[in-house]
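# Summary of structural features
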Amino acid sequence: MPAISGEGDWGLLLGISAAEFSAHRFSADSAGLRSARMFARNVLEEWGLSSCIDDAVIVVGELIANAARHALEPEDRNGSAATAWLGLVRRQQAVICAVADPSPCAPEPQQPERLSESGRGLHIVEAISSSWGCSPPQRSGKMVWARVLAAPDL
């Protein structure tokens with residue numbers, strides 16, 4: 001996966017116009033994760049896709065939580081934290097939620113214990129989205145995506 005330096009660069013790499021693509025960089029701290037979820041909600045409202053906001057925000061929440069937990073290092077000695085990107089792509093009757101992170105490890109659904117408090121994120125993504133997957137992981141990272149069905153607001 002090529003390095004992503006900014007929102008416009010990512011859209012151009014994917015061949016997507018600015019009107020149907022939006023991206024947001026986030027960090028693993030609670031403020032970064034909260035801002036990524038709010039970003040998704042705001043973009044979907046702007047795009048007139050209120051019918052899928054709740055589902056998409058849940059999916060985004062799981063994807064960014066996985067990136068934060070498994071791919072982003074805590075702050076280094078200089079106080080800078082690793083970041084990942086959330087991208088939203090508007091398609092006919094769907095929105096694609098994608099998270100690009102620096103980990104070369106592919107996500108794998110877990111089989112958590114019945115009373116475990118974690119390990120269900122990808123199962124939730126699978127249940128809510130119409131499809132999901134991961135780009136082939138490379139040394140520079142990967143992109144995990146999910147497609148959430150949407151009906152435009154009338």
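A short tour of the structure in this document, coming up. (Residues numbered from 1 in each chain as written. Predicted model: local features only at pLDDT ≥ 70, side-chain atom pairs only at ≥ 80, totals over all residues. Heavy atoms only, no water.)

Along the backbone of the protein there are 4 helices and 5 strands. Going from N to C terminus, the protein has its helices and strands arranged as α-β-α-α-β-β-α-β-β. Of the contacts made within the protein by residues no fewer than 6 positions apart, 66% connect residues no fewer than 24 positions apart. (Helix = DSSP H or I, 4+ residues; strand = E, 2+ residues; numbered from the N terminus. Contact = heavy atoms within 4.5 Å.)

A separate point is the environment of Ala81. Following the sequence through the fold, Ala81 ends up in the loop between helix H3 (53–70) and strand E2 (83–91). Ala81 gets classed as partly exposed once you look at its relative accessible area, which sits at 36%. (Buried < 20%, exposed > 50% of the residue type's maximum accessible area, 1.4 Å probe, protein only.)

Turning our attention to the nonpolar core. The biggest cluster of nonpolar side chains holds 31 residues, and the ones touching the most others in it are Phe26, Leu44, Leu63, Leu86, Leu88, Val95 and Cys97. Elements that contribute at least two residues to this core include exactly helix H2 (30–46), H3, E2, strand E3 (94–101) and strand E5 (142–149). Looking at this core, the element that brings in the most residues is H3, giving 9 residues. For Phe26, the contacting residues outside a window of four places in its chain are Gly32, Leu33, Ala36, Ile64, Ala67, Leu72, Ala82, Thr83, Ala84, Trp85, Leu86 and Val99. Counting 8 residues, the second largest nonpolar core, distinct from the first, contains Ala23, Val89, Ile96 and Met143. (Core = buried A, V, L, I, M, F, W, Y, C linked by side-chain atoms within 4.5 Å.)

Taken together, the 5 strands give an open sheet; going across it, the order is E1-E2-E3-E5-E4, and neighbouring strands pair in antiparallel fashion. A single partner strand is all that each edge strand has here, and the edge strands are strand E1 (21–27) and strand E4 (131–134). Looking at each pair of strands side by side, their axes are set apart by 15° on average, direction ignored. Here 8 bridges tie E3 to E5, and the two strands are oriented antiparallel to one another. Counterpart to Cys97 in the pairing with E5 is Ala146. Sitting on the sheet, H2 is in contact with E1, E2 and E3, with an inclination near 165° to E1. (Pairing = 2+ DSSP bridges. Axes fitted to C-alpha atoms, helices over the stretch in contact; angles between N-to-C directions.)

This part covers the pattern of salt bridges. This structure, assessed with the given rule, holds 3 salt bridges. Note that Arg91 and Glu20 form a salt bridge whose closest N and O atoms lie 3.3 Å from each other. Of this pair, Arg91 sits in strand E2 while Glu20 is found in the loop between helix H1 (7–14) and E1, placing the two residues 71 residues apart along the sequence. Here Asp54 and Arg41 are joined by a salt bridge, their closest N and O atoms 3.7 Å apart. One end of the pair, Asp54, is in helix H3; the other, Arg41, is in helix H2, and 13 residues separate them in sequence. We classify Arg41 as partly exposed; its relative accessible area is 27%. (Salt bridge = Lys/Arg side-chain N within 4 Å of Asp/Glu carboxyl O.)

Within the secondary structure, Phe26 is located in strand E1. A relative accessible area of 2% means that Phe26 is categorised as buried. The sequence separation of Phe26 and Leu86 amounts to 60 residues, and the corresponding C-alpha distance is 7.4 Å.

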